[in-house]
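Architecture at a glance
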Amino acid sequence: MVTTFEELIARDERIEPRDEMPEGYRKTLIRQIAQHAHSEIIGMQPEGSWITRAPSLKRKAILLAKVQDEAGHGLYLYGAAETLGVSREELLDALHEGRQRYSSIFNYPTPTWADVGAIGWLVDGAAIVNQVPLCRCSYGPYARAMVRICKEESFHQRQGFELLYTLAHGTPEQRRMAQEAVDRWYWPSLMMFGPPDAESTHSARSMAWKIKRHSNDELRQRFVDMIVPQAEVLGLTLPDPDLRWNPERGHYDYGPIDWEEFKRVLAGDGPCNAERMAHRRKAHEDGAWVREAAEAYASKAAGKGGRAAA
Amino acid sequence: MTEPVEGTGKHGNPLNSLAIGDDCLVLSHRLAEWITWAPTLEEEVALANLSLDLLGQARALLSRHGDEDELAYLRDPGEFRNCLLVEQPNGDFAHTVVRHLLYTAFLFELYGGHPEDEVAAKGVKEIAYHRDYARVWTLRLGLGTEESHRRMTAALADLWPYTGELFEDDPGLRAPWDAFVGGTLREASLAVPETGQRTGGRRGEHTEHLAALLAEMQSLHREHPGARW
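None of the values given here were measured: they were computed from a predicted structure.

This part covers the overall build of chain A. A count of helical and extended segments in chain A gives 13 helices and two strands. In terms of overall dimensions, chain A has a C-alpha envelope of 65 × 50 × 30 Å along the principal axes. When burial is assessed residue by residue, chain A has 55% of its 310 residues classed as buried. Carbon and sulfur atoms make up 54% of the accessible area of chain A, which totals about 13,600 Å². Averaging the coordinates of the 40 positive side-chain charges in chain A and doing the same for the 44 negative ones gives two points 5 Å apart.

The helix and strand tally for chain B stands at nine helices and zero strands. Listed N to C, the secondary structure of chain B is α-α-α-α-α-α-α-α-α in terms of helices and strands. Relative to the globule expectation of 17 Å for 229 residues, the C-alpha radius of gyration of chain B, 17 Å, shows essentially globular dimensions. Principal axes of the C-alpha set define a box for chain B whose edges measure 55 × 40 × 30 Å. For chain B, the proportion of contacts with a sequence separation of at least 24, taken over those separated by at least 6, is 80%. When the accessible surface of chain B is split by element, carbon and sulfur atoms take 52% of a total near 8,900 Å². Here chain B contributes 21 positively and 37 negatively charged side chains, and the mean placements of these two sets differ by 3 Å.

Here we take up helix H5 (residues 88-96) of chain A. Note: α-helices contain 3.6 residues per turn, so residues at a spacing of three or four share the same orientation. Residue and element names in this part refer to chain A. Of all the residues in H5, the buried ones are Leu-91, Leu-92, Ala-94, Leu-95 and His-96. Residues of H5 that are buried make contact with helix H2 (23-42), helix H4 (57-82) and helix H12 (273-286). Phi for Gly-98, located one or two positions after H5, is positive at around 75°.

Moving on, we get to the layout of surface pockets. When its volume is computed, the second largest pocket comes out at roughly 640 Å³. Taken together, 31 residues make up the lining of the second largest pocket; nearest its centre are Arg291(A), Thr40(B), Leu41(B), Glu42(B) and Glu43(B). For the lining of the second largest pocket, the secondary structure elements donating two or more residues are helix H3 (44-48), H5, H12 and helix H13 (288-303) of chain A together with helix H2 (41-62) and helix H6 (118-143) of chain B. Within the lining of the second largest pocket, the residues separate by chemical class into 15 nonpolar, five polar and 11 charged.

Once that is clear, we can look at empty space enclosed by the protein. Evaluated as defined, the whole model comprises two cavities of 30 Å³ or more. Approximately 90 Å³ is the volume attributed to the largest cavity. Surrounding the largest cavity, 13 residues form its lining, Ile62(A), Lys66(A), Val116(A), Gln159(A) and Leu163(A) being those nearest its centre. Of all the secondary-structure elements, those providing two or more residues to the lining of the largest cavity are H4, helix H6 (113-131) and helix H7 (140-168) of chain A. Forming the boundary of the second largest cavity are Leu31(B), Leu47(B), Leu50(B), Phe93(B), Thr96(B), Val97(B), His100(B) and Tyr133(B). Among the secondary structure elements, those contributing two or more residues to the lining of the second largest cavity are H2 and helix H5 (93-112) of chain B. At four residues, H5(B) tops the list of elements feeding residues into the lining of the second largest cavity. Class assignment of the residues belonging to the lining of the second largest cavity gives a composition of six nonpolar, two polar and no charged.

Residues and elements named next belong to chain B. Relative to the elements of secondary structure, Gly-200 occurs in the loop between helix H8 (174-187) and helix H9 (208-223). Linking Gly-200 and Arg-99, residues 101 residues apart in sequence, is a C-alpha distance of 18 Å. Not counting the four nearest positions on each side in its chain, Gly-200 is found in contact with Leu-84, Glu-165 and Glu-205.

What follows deals with unusual backbone geometry. All names here are of chain A. In this model, Asp-12 sits at a positive phi of 65°, which is unusual for a non-glycine residue. Turning to its location among the elements, Asp-12 is positioned in the loop between helix H1 (5-10) and H2. For Asp-12, a relative accessible area of 47% corresponds to the partly exposed category. A positive phi is found at Lys-210, a non-glycine position, where the angle reads about 60°. Position of Lys-210 relative to the elements: it lies in the loop between helix H9 (203-208) and helix H10 (216-234).

Residue and element names in this part refer to chain A. With respect to the helices and strands, the residue Ser-200 is situated in the loop between helix H8 (172-191) and H9. On the accessibility criterion, Ser-200 (18% relative accessible area) is buried. Once residues lying within four places of it in the same chain are set aside, the contact partners of Ser-200 are Pro-195 and Asn-216.

Summed over the entire model, instances satisfying the criterion amount to 17 aromatic pairs over all chains. Between Trp121(A) and Phe161(A), the aromatic rings sit 6.5 Å apart at their centres with planes inclined by 65°, giving edge-to-face as the arrangement. Of the two residues, Trp121(A) is situated in helix H6 and Phe161(A) in helix H7; the sequence distance between them amounts to 40 residues. What makes Phe161(A) partly exposed here is its relative accessible area of 21%. A network of ring pairs unites the aromatic residues Tyr103(B), Phe106(B), Trp160(B), Phe167(B) and Trp177(B) as a single cluster.

This next bit is on the interface of chain B and chain A. Contact residues are listed per partner, giving 48 residues for chain B and 48 residues for chain A. Carbon and sulfur atoms make up 68% of the area that chain B and chain A hide from each other, which totals about 4,200 Å². On the chain B side of the contact with chain A, Trp37(B), Leu41(B) and Trp229(B) bury the most area, a combined 18% of that side's loss. The interface formed by chain B and chain A contains one salt bridge. Across the pair Arg88(A) and Glu42(B) runs a salt bridge, and its minimum N-O distance is 2.4 Å. Summed over the shared surface of chain B and chain A, the result is 14 residue pairs in polar contact (both at pLDDT 80 or more). Elements that contribute at least two residues to the side of chain B that touches chain A include exactly helix H1 (17-32), H2, helix H3 (68-73), H5, H6, helix H7 (146-159) and H9 of chain B. With 10 residues, H2(B) is the single largest residue contributor to the side of chain B that touches chain A. Class assignment of the residues belonging to the side of chain B that touches chain A gives a composition of 24 nonpolar, 11 polar and 13 charged.

The rules behind these values
Residues numbered from 1 in each chain as written. Chains lettered and ligands numbered in written order. Predicted model: local features only at pLDDT ≥ 70, side-chain atom pairs only at ≥ 80, totals over all residues. Heavy atoms only, no water. Helix = DSSP H or I, 4+ residues; strand = E, 2+ residues; numbered from the N terminus. Buried < 20%, exposed > 50% of the residue type's maximum accessible area, 1.4 Å probe, protein only. Areas by Shrake-Rupley, 256 points an atom, 1.4 Å probe, with all protein chains shown as cover. Lys, Arg positive; Asp, Glu negative; His and termini not counted. Charge placed at Lys NZ, Arg CZ, Asp CG, Glu CD. Rg over C-alpha atoms; globule rule 2.2 N^0.38 Å. Contact = heavy atoms within 4.5 Å. 1 Å grid on protein atoms, 1.4 Å probe; cavity = no way out; pocket = protein on both sides within 12 Å on 5 of 7 lines; lining within 4 Å. Points joined across faces, edges and corners; volume = space filled by probe spheres on them. Nonpolar A, V, L, I, M, F, W, Y, C, P; charged D, E, K, R; others polar. Phe/Tyr/Trp six-rings, centres within 6.5 Å; stacked < 30°, edge-to-face > 60°. Buried area = accessible area lost by both parts, 1.4 Å probe. Salt bridge = Lys/Arg side-chain N within 4 Å of Asp/Glu carboxyl O. Polar contact = N/O pair within 3.5 Å; in protein donor to acceptor, adjacent residues only side chain to side chain.

Now the structure itself:
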């Protein structure tokens, strides 16, 4: 008995790599998973630059492990994309040539150590709100990768919160550093949920295919409702004068988002777009001779009658 | 800071935990500098792993001599006791692989001779993996392409002068190290270079690279005296 794609989706079952699927579904998933994978590896840069300056050995170990997790997430996600018939090499080329995107959030700079905490608390926090529903995404390999990733992300968010808490309760300079980092990252983190529902181009189809389960605005609201009480515990202020509890809606109201800035950064004119891409391309180019040598060695070893390429 | 009483290894000396702690701290830092610059995503994960292992060993060893953060962040270059090899810059991936092979082949023998030392006994298992990682990459790069072979030859010539210092405290480790390193290089078609030798790290006389490394590593901590992180 053949079960069609539509039947599987209607029954809320998972689509697996060998199942038939519409070309649009496959393409949408490749685009989304690749963007997610690229975001993991570009996202290593803003925090990675603080590993060598981490102010205690314990924080250094935590940050190293976090950035390592991000590389690991990149590996799972490129692996999930490969089940759709596209290689990691092709996807990296698309990133390096600017044909595929990564999350705009990583085009903002990290001028102080407190930015590492703000990224953990707000950016990883927003990522979790976005990603938890993806654990129920209709495409099996993506959903399973997300289960693993979400567990690690929630750990990162707690670590970021704890880093900021320590600063907020430290010296006056540390406290100021923490507040300024939150001021920098609050609005960009709200933009991570994408444009308002009315303007979101891919949303309706992705919802019908059960790739996406909630609208951008629903998820953004969920995030705001989560962080307001956390900011109170931190003793830091969220830089939004319109932020207040609305008892009728049962949610926090928040002020208007500057979508012009969002579009500018998305179009490549953010503070760090050029640096992030130049860094990534240089790392890739500098590593070319290593990858070539490893391939040459592996094929020579295979040629010698299967001596393992170790 | 008081020197704790330590056991002695099979060569009769206690593990020099300050010097080895500094080695691990500095080499961990060098490997962490690779993050976001590695040649493949697999190597991003692997180099971070190696860095984390060494950082863990550094913290355990340095804690025997006082507060780990005071020791890492508030000493000046002349107070560090690490060997010169580990402070040498990353260079290209060949230099990093060669440095890791030369150093971890030494640390493996050193730890192996100190089963009475908790950090060494646990660390030897981690370092066995490090040594193997470096060996496998030495083979790949030594035998891979002409370019990779040329880069490995250059890296060996640059780093070999810092190998003699490793055996100053314990000359008995030289023979097993020679056997492993020499065997690996032979298998990778690489020659042992003939170079002079430089020492001084264990006495606090460092190459200029250590001061630059510490200036970066210690910058934030020193900007905020007495702060908690």
